[in-house]
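# Results of the structural survey
Below are the chains, spelled out letter by letter.
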Amino acid sequence: MSSRISEEIDASLRAVHGDADATDAEKAEMLMEIAMGIQGKARQPSDVVAAVALYERALELCPMEHYLLHARVQARMGTALQSVPSDSIEYLERARDAYESARRVFRDHGEPEETAETEMNLGLVLQTLAGVHRAKITDAISAYQRSLRTFNKDAHPKEYAILQNNLATAFLSIPFTDHRGKMREALAVQSFEEGLKVVTLIDHPVEYAMLQNNLGNALQYSSSSHVVENNLRALEAYEEALKVRTIDASPIEYANTICNKANCLMNLPDDLQKPERGNAGRLKDAAAYYEEALGIYLANGGDEQARVVSGVLNELRSELEPAMERSN
């Protein structure tokens, strides 16, 4: 924990516990607000863990008859637990439990928006846990769908778009092991496109770029027989994402998208009307994008991404030389 955060917590605790006129419920609410402030300006994982400890102290103080406040503290604690970077799934499982407990109260006594937000966060946790076989992806999908009952496209376009993105990635995470796989791919593309109907480049740039990038990936890796058509649509989506994801504003996201674009180029012929002539030109363009991305990753601490791109680039270079010879 940073010394600044530690001092702030100590001072806050003294102030809260030293307030003789405050009820336990009022003290619990004050601690929740302090924890939210610390969580919002956390600079390192230990700061978030410190915020979790404050939420836990608030729960200890909160009288059980104040069940709605108790649920709100749990929901906020869930967001902190969810954001703690860790190789262990302990924090995610605790976040799941906190959300599950909070949503049961919100469902009967809370505001529709806080219920929907909790369902959305629960879905994200369940989706992550499903990736390590500690939850079912269908439960995550159900949580997103419950959230959409409130976060609809008219009243909450930003949340609606994020939920459509989450639903799509959940569909795509289900192993392609049966005849329903193609249907799930189609549903994912449909969800990305549905989200893009309600967000715009001007009003919701981050969500717009996220959906365009992910739509491009869904199209590129689709098992559809329309490979060239899907890849061309994917390139258009990546170009839209790059209107937001610039090298200056968001270098890592920019590098991710140009890597996706490079991979797409590798699977397209130079001349769409004469694919037999090969794709040496496309491979050359792809190599240039990978080289640019590699430099960005190395300059911004993306060591793992750099390692992966370096391996792809070496393979591409070995493929590019004979391709260039064939084209000459």
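Shown above is the structure to which this text applies.
Below: a short report on this structure. Please read all numbers here as calculations on a predicted model, not as lab measurements. (Residues numbered from 1 in each chain as written. Predicted model: local features only at pLDDT ≥ 70, side-chain atom pairs only at ≥ 80, totals over all residues. Heavy atoms only, no water.)

This brings us to the overall build of the chain. Helix and strand counts for the chain stand at 14 helices and zero strands. Across its three principal directions, the C-alpha atoms of the chain cover 85 × 45 × 40 Å. Counting every atom, the chain has about 16,900 Å² of accessible surface; 50% of that belongs to carbon and sulfur. Taking the average place of the 34 positive charges on the side chains of the chain and the average place of its 51 negative ones, the gap between the two points comes to 4 Å. (Helix = DSSP H or I, 4+ residues; strand = E, 2+ residues; numbered from the N terminus. Areas by Shrake-Rupley, 256 points an atom, 1.4 Å probe, with all protein chains shown as cover. Lys, Arg positive; Asp, Glu negative; His and termini not counted. Charge placed at Lys NZ, Arg CZ, Asp CG, Glu CD.)

Moving on to the environment of valine 52. Structurally, valine 52 can be placed in helix H3 (residues 45-61). Judged by relative accessible area, which is 3%, valine 52 ranks as buried. Not counting chain neighbours up to four residues away, the residues in contact with valine 52 comprise Met77, Ala80, Leu81 and Arg94. (Buried < 20%, exposed > 50% of the residue type's maximum accessible area, 1.4 Å probe, protein only. Contact = heavy atoms within 4.5 Å.)

Looking at where histidine 179 falls in the secondary structure, it is placed in the loop between helix H8 (157-173) and helix H9 (181-196). Remark: the alpha-carbon pair of histidine 179 and alanine 42, spanning 137 residues in sequence, is separated by 46 Å.

Since one α-helical turn is 3.6 residues long, residues separated by three or four positions face the same way. Between the first and last C-alpha of helix H11 (residues 227-241) there are 21 Å, a value that for 15 residues agrees with the 21 Å anticipated at 1.5 Å per step. Buried residues of H11: Asn230, Asn231, Ala234, Leu235, Ala237, Tyr238, Glu240 and Ala241, and no others. Packed against the buried residues of H11 are helix H10 (205-220) and helix H12 (251-265). (Expected span 1.5 Å × (residues − 1).)

Below, the discussion takes up the side chain of arginine 184. If you trace the backbone, arginine 184 turns up in helix H9. Within the local environment of arginine 184, its side chain forms a polar contact with the backbone oxygen of proline 175, the two atoms lying 3.1 Å apart. (Polar contact = N/O pair within 3.5 Å; in protein donor to acceptor, adjacent residues only side chain to side chain.)

Glancing now at the pattern of salt bridges. Under the counting rule described, the total for this entry stands at 18 salt bridges. Among the ionic pairs, arginine 233 bridges to glutamate 193, the shortest N-O distance being 2.5 Å. Here arginine 233 is found in helix H11, whereas its partner glutamate 193 is found in helix H9, with 40 residues between them in sequence. Through salt bridges with shared partners, a single ionic network connects Glu100, Arg103, Glu119 and Arg146. (Salt bridge = Lys/Arg side-chain N within 4 Å of Asp/Glu carboxyl O.)

Time to look at unusual backbone geometry. If you check the backbone angles, histidine 133 has positive phi at about 60 degrees while not being a glycine. Among the secondary structure elements, histidine 133 is positioned in the loop between helix H6 (112-130) and helix H7 (137-147). Histidine 133 gets classed as exposed once you look at its relative accessible area, which sits at 72%.

As a further point, take a nonpolar patch on the surface. Among the surface-exposed residues, Val228, Leu232 and Leu272 lie close enough to one another that they form a single nonpolar patch of about 200 Å² accessible area. By the element assignment, leucine 232 lies in helix H11. Owing to a relative accessible area of 30%, leucine 232 belongs among the partly exposed residues under this scheme. (Patch = residues over 30% accessible without salt bridge, like charges linked within 9 Å, V, L, I, M, F, W, Y side chains within 5 Å.)

Turning our attention to H7. Of the residues making up H7, those classed as buried are Ile137, Ala140, Ile141, Ala143, Tyr144 and Ser147. Taken end-on, H7 shows its buried residues confined to a sector of 160 degrees, consistent with a single buried face. Tucked inside the fold, the buried residues of H7 contact H6 and H8. (Arc of directions from axis to C-beta.)

With that settled, consider the packing of helix H4 (residues 67-83) against H6. At a minimum axis distance of 11 Å, the contact between H4 and H6 shows a crossing angle of 35 degrees. Seen along the crossing, H4 lies across H6 with a hand that is left-handed. Each of Leu68, Arg72, Ala75, Arg76, Thr79 and Gln82 in H4 lies in contact with H6, whose residues at this interface are Glu114, Glu117, Thr118, Asn121, Leu124 and Val125. Grouping the constituent residues of the contact of H4 with H6 by class yields four nonpolar, four polar and four charged. (Axes fitted to C-alpha atoms, helices over the stretch in contact; angles between N-to-C directions. Left-handed = near helix turned anticlockwise from the far one by under 90°. Nonpolar A, V, L, I, M, F, W, Y, C, P; charged D, E, K, R; others polar.)

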